[in-house]
Protein chains: 2
Amino acid sequence: MPRMASQERRTEQRREQREALRERILEVSREIVRREGFASLSMRKLAEAIDYSPAALYLHFKSRGDIARALRVQGHASLRDAFLAHTSIADPAARLNAMGRAYVEFGLAEPETYRLMFMELAASAGPSSEARAGSPGDAPGNGDAHAAEPGAATLSMIADAFVELRAADRLPARAAPLACAEGLWANLHGIVALKLNGAALPETPAATLVELSLDAWFAPANRTEPRFSSANRPDTSTR
Amino acid sequence: MPRMASQERRTEQRREQREALRERILEVSREIVRREGFASLSMRKLAEAIDYSPAALYLHFKSRGDIARALRVQGHASLRDAFLAHTSIADPAARLNAMGRAYVEFGLAEPETYRLMFMELAASAGPSSEARAGSPGDAPGNGDAHAAEPGAATLSMIADAFVELRAADRLPARAAPLACAEGLWANLHGIVALKLNGAALPETPAATLVELSLDAWFAPANRTEPRFSSANRPDTSTR
DNA sequence: GTCTATAGCACGATAGAC
DNA sequence: GTCTATCGTGCTATAGAC
């Protein structure tokens, strides 16, 4: 059955090419977003960058918001990887320290990606922002109402550490570990978000704020391990 | 000199009418932003709302970004007022508690105003976001490079409280009071920002997170004053 | 599947009559 | 000071040829 085989091979090639183009679109999109932000990712610009017509994009992605969704998923995977690199740290406080730093470093190193992941979801849930000039279906949050799900993995890694802290009776606050995790997350996000907005928080470097915040959220555990104490530790990055 | 007087009266009336119209534009703008967000405030829509032509707006505001700037100033004044209501609290920890709550309540009560004030400044300082379809000079951050200044008053109120805490030796962390103030601010901002983005932080109510955060940042002072302890205090608002 | 061409819309800002 | 009319731009998405 050589004819059958060759046909199968052809369709297989087709599928691979299709997949490859889709991947290439995402790759170029990611780079544009990284450098100029999602707001400046237009279908025209994207099409020109991959040397196709704008119409071709719509064969692989339902809309611009659909691309945003894919990029967000990739970003969350990237952040999760950064966290995974520290899961081997046995001490939960030390692990939280490492993860907290990693989180803020991720946000400051990839500001536009971070913005896309955590700061431009407004349009998906409210009647608010990101109402651009174009047509409907444009908002980055569209296409998936459960867009928060991809970040759940990283949040639960933080929560796990708090559970361990609580189990070892090293957690001062008497609240649910999940609530602590969300509180710490909010704190870290606040640092990144204010820094990304440029004008705000002009005085204190982000690294110092991170140290302070980690101290604040589980200081006792920290104080018994001077390895991670903040005050007498030179700031490595002065972003 | 009756002729002179009448002329003066006329120009005075003119000036008042001018001022009144400008005030009316701002008032309507504020309401539109409050309900639909700044991104959806277009000069056309605004003009129709005040029953003038779009061109008339440019007699009172240089650009759309100029309106944004005026609205931000008003918002900061409003937030400052909310803080001023608590400056009379003598105990610095209690004062910080009240101000922290007020901050988050402000953000959650006026999400779009808050967004305009703290989350849409990106375009002013970076090559990023808010690149809309229209012409240049559109970004909300334009028109004043020192846009962070209006918020300085509220920040220094927080910093003052930390200075007092430090003076009374009730501040656990050994860092500069200003850094603590910015850290706490970042924490509060993170809570509001994540809540405003809807999808994120689905589990824990904001009020609980605020309590936890305030506890985290100056817990010892808090624990000696059970009046403000959080765990055994019913959440009044479950936003 | 990919292209060209364009529809259709919305915007910010300005020119020039009155 | 206000209006009408419009310029110039950018966008998403689709129609229809190949």
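Our subject is the structure that appears above.
Basis of the calculations
Residues numbered from 1 in each chain as written. Chains lettered and ligands numbered in written order. Predicted model: local features only at pLDDT ≥ 70, side-chain atom pairs only at ≥ 80, totals over all residues. Heavy atoms only, no water. Phe/Tyr/Trp six-rings, centres within 6.5 Å; stacked < 30°, edge-to-face > 60°. Helix = DSSP H or I, 4+ residues; strand = E, 2+ residues; numbered from the N terminus. Buried < 20%, exposed > 50% of the residue type's maximum accessible area, 1.4 Å probe, protein only. Axes fitted to C-alpha atoms, helices over the stretch in contact; angles between N-to-C directions. Parallel < 35°, antiparallel > 145°, perpendicular 65-115°, else oblique. Left-handed = near helix turned anticlockwise from the far one by under 90°. Contact = heavy atoms within 4.5 Å. Salt bridge = Lys/Arg side-chain N within 4 Å of Asp/Glu carboxyl O.

> Mind showing me how you'd approach the packing of aromatic side chains here?
Any aromatic ring pair is given by two values, namely how distant the centres are and how the planes are angled relative to each other. Residue and element names in this part refer to chain A. In the structure shown here, the tally under the stated rule is 12 aromatic pairs over all chains. Their ring planes at 80° and their centres at 6.3 Å tell us that Phe 162 and Phe 218 sit as a pair that is edge-to-face. Here Phe 162, found in helix H8 (residues 152–167), pairs with Phe 218, found in helix H10 (residues 206–223); they are 56 residues apart in sequence, far enough to count as distant. What makes Phe 162 buried here is its relative accessible area of 0%. Connected via pairs of aromatic rings, a cluster forms that spans Phe 83, Tyr 103, Tyr 114, Phe 118 and Trp 185.

> Can you walk me through the packing of helix H5 (residues 92–109) of chain B against helix H8 (residues 152–167) of chain B in this structure?
Each pair of packed helices can be summarised by the angle the axes make with each other and by the distance between the axes. Residue and element names in this part refer to chain B. Contact pair H5 / H8: the axes reach a minimum separation of 9 Å and the direction vectors enclose 155°. Classified by the angle between their axes, H5 and H8 sit roughly antiparallel to one another. Where H5 crosses over H8, the handedness of that crossing is left-handed. Residues Pro 92, Ala 93, Arg 95, Leu 96 and Met 99 of H5 lie in contact with H8, whose contacting residues are Met 157, Ile 158, Ala 161, Phe 162, Glu 164 and Leu 165.

> Please clarify how the environment of Leu 184 of chain A should be interpreted in this entry.
Residue and element names in this part refer to chain A. With respect to the secondary-structure elements, Leu 184 resides in helix H9 (residues 177–196). For Leu 184, a relative accessible area of 1% gives the class buried. On a C-alpha basis, the gap between Leu 184 and Trp 217 in space is 6.9 Å, while along the polypeptide they are 33 residues apart.

> Is there a simple way to think about the environment of Ala 94 of chain A in this case?
Mapped onto the elements, Ala 94 of chain A comes out in helix H5 (residues 92–109). Sequence separation between Ala 94 of chain A and Ala 161 of chain A is 67 residues, and the spatial gap between their C-alpha atoms is 9.4 Å.

> What should I look at first to understand the pattern of salt bridges in this one?
In a structure, side chains of opposite charge can pair up when their charged atoms sit close to one another. Residue and element names in this part refer to chain A. Counted under the stated rule, the structure contains 18 salt bridges over all chains. The salt bridge involving Glu 211 is made with Arg 101; its shortest N-O contact spans 2.4 Å. With Glu 211 in helix H10 and Arg 101 in helix H5, this residue pair connects regions lying 110 residues apart in the sequence. Note on accessibility: Glu 211 and Arg 101 belong to one class, buried. Arg 115 serves as the salt-bridge partner of Glu 112, at 3.4 Å between the closest nitrogen and oxygen. Of this pair, Glu 112 and Arg 115 both sit in helix H6 (residues 111–119), 3 residues apart, which is roughly one turn of the helix. The exposure classification of Glu 112 matches that of Arg 115, with both residues buried.

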